[in-house]
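# Observations on chain architecture
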Amino acid sequence: MPTLAEEILGGPAGSYVDRAVDHGFAHDGTGVLALEAWQQMGMDAPAAPDRLAMIFDHITPANTGTTATLQAELRVFAKKTGMYFSDGGGGICHQIMSEGRVLPGEVVVGADSHSCTMGAFGAFATGVGATDMAAIWASGLTWFRVPETLAIRLEGHLSGAAEAKDAALAYVRDLGMDGGTYRALEFIGDGAGSLSMEDRLTLSNMAVEAGAKAGMFYADETTRSFLAGYGHDVAVQQQTDPRYETEVTLDLSDVVPLVTPPHRVDRAVPVEKYAGIVLDQVFVGTCTNGRFGDLERFGRMVRGKQVKVRTIVVPASRAVLAQCIASGVLSWIVDAGCTVGPPGCGPCLGAHMGVLGEGEVALSTANRNFRNRMGVGAEYYLASPQTAAASALAGAIASPEDVYER
Amino acid sequence: MNGRGHAVCLGADIDTDVIIAGRYLRTKDRSVWAARVLEDLDPSLAARLQGAVIVAGSNFGCGSSREQAPVALREAGVIAVIAPSFARIFFRNAINVGLPVIEAEGVPCAGGEEIAFSLDEHWVEAGGMRIPFRPLSPKMQEILAAGGLVSFWRARE
Ligand code: SF4
């Protein structure tokens, strides 16, 4: 029986296939280089513009004249081709793609490493570089080596203040930074079924941190009802008990709030180990944890209190921001003394809107903590939105179990 | 395609933020990337990469999909990168920009000595040993032989 990756790509693990791409997207960072490659290829019109998207999220609104000029050229190009275009402030590419665009069984390729996020829908989704994207614009196709699959069997369910982010930090730690290299991950078992769509997006998002090419869930009733909210009627995907290359187990009921210290993503430990480390900044957002549920859990904990450290909250998309406004979550966050940024990547990549200074220490809900990423000479810890809330209130790393009320 | 160059040894898990930091991505000026490559690891490295064969540990190029990473190495004069394993997006990007990447185990590296390789015959010569490696897929070999995906594409038309 084929794995989900083999089924969707249409070949056995190890084989090479050429596949039509159902969704190809790029952002303002990778799009600039893709456009350059496109011009060098001498192309003028994409093969299938209705399957393409250009989403400005990385450095938006532009931080310097140089950035603005590069973006202006890319904006004109994207609009001319007729591809879907989302300007700065619309949100992070992965979030926008998750808002009813990607369906189970599709082949999704993004010019961004976290494109594996869309595997949460039972799609085969992976990241490529800019020149590959230019070739996809030109032909509508790309080649793949069909990956072997590593199954992560999720048992039990999350409890207390532990959340999907903690489970993600845990499996990346268990696999190691290259434990999934060249492989697709499949999240299976009863625990996988117990997770909400937002939780699954968080887990799939971090697959690349273990080196994996994809991180996939089978579409089930949860997927069906989520997509029904966007007007899609999709079928569930049957799990056929394929032969996995490797299978590991993660018991969700054992997962506790974790923190991953600088500068490796595979070193998660219980928050208590670093409790009391004084922080200069807390950042809540990104394609891992900038969704409504994340901001709501964060907001519920800071509601009616004051944060003790500068805290930046960036909704993953305009739809998330709108939901935060309509539900009142935004005022909890603002009243607690947080700074709210425009939907997008925010300070995640260290380019603008909250870059850290030399020697500063931060806690972030992002997915990677590589040296100097958020600021030269800075240190930062990865954690969940609730750990971020407890830490923002304390001004130092703190466990959400201490503040947590369900 | 054969090549030779002086060895530069690097460790494992070299990520693309280290290869070229996000703060240098706001330009299309390749000379900036060449000058700043691996700066956060060792600022003196960039000057030693002309004609170099990098021998790194596993998982080279992990992290972001930025194609500026292999471009920066190529522009700085790196002839090839050898490692036991690569992050897959980096691997694909390297081929697409015409930077040879060689997946080989157990290549010794002292630093400064000459390393030779043959992409056609799939071997690396280092420290008096000839070490075989797994060849690239035929499609990747064609792209690399063309000098990258842009030239490969132009030649197809
Ligand atoms: S939020 Fe961060 S990790 Fe996600 S796409 Fe943006 S820069 Fe990349």
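## Some details on the sheet that holds strand β14 (residues 281-284) of chain A
Residue and element names in this part refer to chain A. Spatial strand order, β16-β15-β14-β17-β18: 5 strands in an open sheet with parallel pairing. In the strand order of this sheet, the two ends are held by β16 (339-340) and β18 (379-382), each with one partner. Here 4 bridges tie β14 to strand β15 (residues 310-313), and the two strands are oriented parallel to one another. Bridged to Val 282 within β15 is Thr 311.

## Looking at the pattern of salt bridges
Evaluation of the coordinates by the stated rule reveals 31 salt bridges over all chains. The partner of Glu 39 of chain B in a salt bridge is Arg 23 of chain B, and the shortest N-O contact between them spans 3.2 Å. Of the two residues, Glu 39 of chain B is situated in the loop between α2 (30-36) and β2 (52-55) and Arg 23 of chain B in the loop between α1 (16-19) and α2; the sequence distance between them amounts to 16 residues. Judged by its relative accessible area of 17%, Glu 39 of chain B is buried. Bridged by salt links that share partners, the residues Arg 264, Asp 266 and Arg 267 of chain A together with Asp 13 of chain B form one connected network.

## Quick word on helix α2 (residues 28-41) of chain A
All names here are of chain A. Spanning 14 residues, α2 covers 20 Å between terminal C-alpha atoms, matching the ideal 20 Å at 1.5 Å per step. In terms of burial, α2 is largely enclosed, as 11 of its 14 residues are buried. Considered for burial, the residues of α2 that qualify are Asp 28, Thr 30, Gly 31, Val 32, Leu 33, Ala 34, Leu 35, Glu 36, Ala 37, Trp 38 and Met 41. At the exit of α2 stands Gly 42, carrying a positive phi of roughly 75°.

## Observations regarding the packing of helix α4 (residues 88-96) of chain B against helix α5 (residues 138-145) of chain B
Residues and elements named next belong to chain B. Contact geometry for α4 and α5: axes closest at 8 Å, N-to-C directions at 45°. Considering the angle they form, α4 stands oblique to α5. Contacts from Phe 91, Ile 95 and Asn 96 of α4 reach α5 at Met 140, Ile 143 and Leu 144. Considered class by class, the residues forming the contact of α4 with α5 number 5 nonpolar, 1 polar and no charged.

## Examining the environment of Arg 310 of chain A
All names here are of chain A. Structurally, Arg 310 can be placed in strand β15. As a C-alpha pair, Arg 310 and Glu 221 span 89 residues in sequence and 40 Å in three-dimensional space. Beyond its immediate chain neighbours, meaning those up to four positions away, Arg 310 contacts Asp 280, Gln 281, Val 282, Leu 356 and Glu 360. Among the polar contacts listed, one links the side chain of Arg 310 to the backbone oxygen of Asp 280, at a separation of 3.2 Å.

## Overview of the domain arrangement of chain A
All names here are of chain A. Domain boundaries in chain A define domain 1 (1-255) and domain 2 (258-402). Its C-alpha centre places domain 1 at a distance of 23 Å from the equivalent point of domain 2. In this complex, domain 1 contributes 34 residues to the contact, which on the side of domain 2 involves 41 residues. With both chains or domains summed, domain 1 and domain 2 bury close to 3,100 Å², and 55% of this area falls on carbon and sulfur atoms.

## Overview of the site of the ligand
Near the ligand the following residues occur: His 58, Ile 92, His 94, Asp 112, His 114, Thr 286, Cys 287, Cys 345, Cys 348, Asn 367 and Arg 373 of chain A. For the shell around the ligand, the two domains that each supply at least three residues are domain 1 (1-255) and domain 2 (258-402) of chain A.

## Comments concerning the nonpolar core
In summary, soluble globular proteins display a tendency toward joint burial of nonpolar side chains. Trp 137 of chain A together with Leu 38, Leu 49, Ile 54, Phe 60 and Leu 73 of chain B are the most contacted members of the largest nonpolar core, which has 103 residues in total. Among the nonpolar cores identified, the runner-up in size contains 46 residues, and Leu 195, Ala 212, Val 265 and Ile 312 of chain A belong to it.

## Looking at the pairing of β14 of chain A
All names here are of chain A. Going residue by residue along β14, you find Gln 281 and Phe 283 tucked away on one face and Val 282 and Val 284 tucked away on the opposite face as well. Sheet topology note: the β14/strand β17 (residues 361-364) ladder contains 3 bridges and is parallel. By the bridge assignment for β17, Phe 283 is matched with Ser 364.

## Examining the interface of chain A and chain B
On the side of chain B, 35 residues touch chain A, which itself brings 44 residues to the contact. Summed over both partners, the interface of chain A with chain B comes to about 3,700 Å²; 55% of that surface belongs to carbon and sulfur atoms. It is Leu 33, Trp 143 and Tyr 182 of chain A in chain A that bury the most area against chain B; as a group they hold 18% of the surface buried on that side. Our enumeration of links across chain A and chain B arrives at 6 salt bridges. Two residues, Arg 373 of chain A and Asp 17 of chain B, come together in a salt bridge whose shortest N-O distance is 3.3 Å. Summed over the shared surface of chain A and chain B, the number is 20 residue pairs in polar contact (both at pLDDT 80 or more). Mapped by element, the contributors of at least two residues to the side of chain A that touches chain B are β1 (16-20), α2, α3 (65-81), β6 (124-127), α5 (130-139) and β7 (141-145) of chain A.

## Topic: the state of the cysteines
A complete count under the given rule lists 1 disulfide over all chains for this structure. Between the sulfur of Cys 9 of chain B and that of Cys 109 of chain B lies a disulfide, 2.1 Å long from S to S. Across the disulfide from Cys 9 of chain B to Cys 109 of chain B, rotation about the S-S bond amounts to roughly -90°, and the bridge is consequently left-handed. In this pair, Cys 9 of chain B sits in strand β1 (residues 2-9) while Cys 109 of chain B sits in the loop between β4 (101-103) and β5 (114-118), placing the two residues 100 residues apart along the sequence. Given a relative accessible area of 28%, Cys 109 of chain B falls into the partly exposed group. The thiol of Cys 93 of chain A is unpaired, and the distance to the nearest cysteine sulfur, on Cys 345 of chain A, comes to 6.5 Å. Of all cysteine sulfurs in the structure, the one in Cys 287 of chain A sits closest to Cys 116 of chain A, which takes part in no disulfide; the separation is 8.4 Å. The buried category is assigned to Cys 116 of chain A, whose relative accessible area is 1%.

## Section: helix α12 (residues 318-327) of chain A
Its side-chain oxygen 3.3 Å from the backbone nitrogen of Ala 319 of chain A, Ser 317 of chain A forms the N-cap of α12 of chain A. Gly 328 of chain A occupies a position one or two residues after α12 of chain A and carries a positive phi of about 90°.

What counts, and where the lines are drawn
- Residues numbered from 1 in each chain as written.
- Chains lettered and ligands numbered in written order.
- Predicted model: local features only at pLDDT ≥ 70, side-chain atom pairs only at ≥ 80, totals over all residues.
- Heavy atoms only, no water.
- Pairing = 2+ DSSP bridges.
- Helix = DSSP H or I, 4+ residues; strand = E, 2+ residues; numbered from the N terminus.
- Salt bridge = Lys/Arg side-chain N within 4 Å of Asp/Glu carboxyl O.
- Buried < 20%, exposed > 50% of the residue type's maximum accessible area, 1.4 Å probe, protein only.
- Expected span 1.5 Å × (residues − 1).
- Axes fitted to C-alpha atoms, helices over the stretch in contact; angles between N-to-C directions.
- Parallel < 35°, antiparallel > 145°, perpendicular 65-115°, else oblique.
- Contact = heavy atoms within 4.5 Å.
- Nonpolar A, V, L, I, M, F, W, Y, C, P; charged D, E, K, R; others polar.
- Polar contact = N/O pair within 3.5 Å; in protein donor to acceptor, adjacent residues only side chain to side chain.
- Domains from an automatic or database assignment.
- Buried area = accessible area lost by both parts, 1.4 Å probe.
- Near = heavy atom within 4 Å.
- Core = buried A, V, L, I, M, F, W, Y, C linked by side-chain atoms within 4.5 Å.
- Disulfide = S-S within 2.5 Å.

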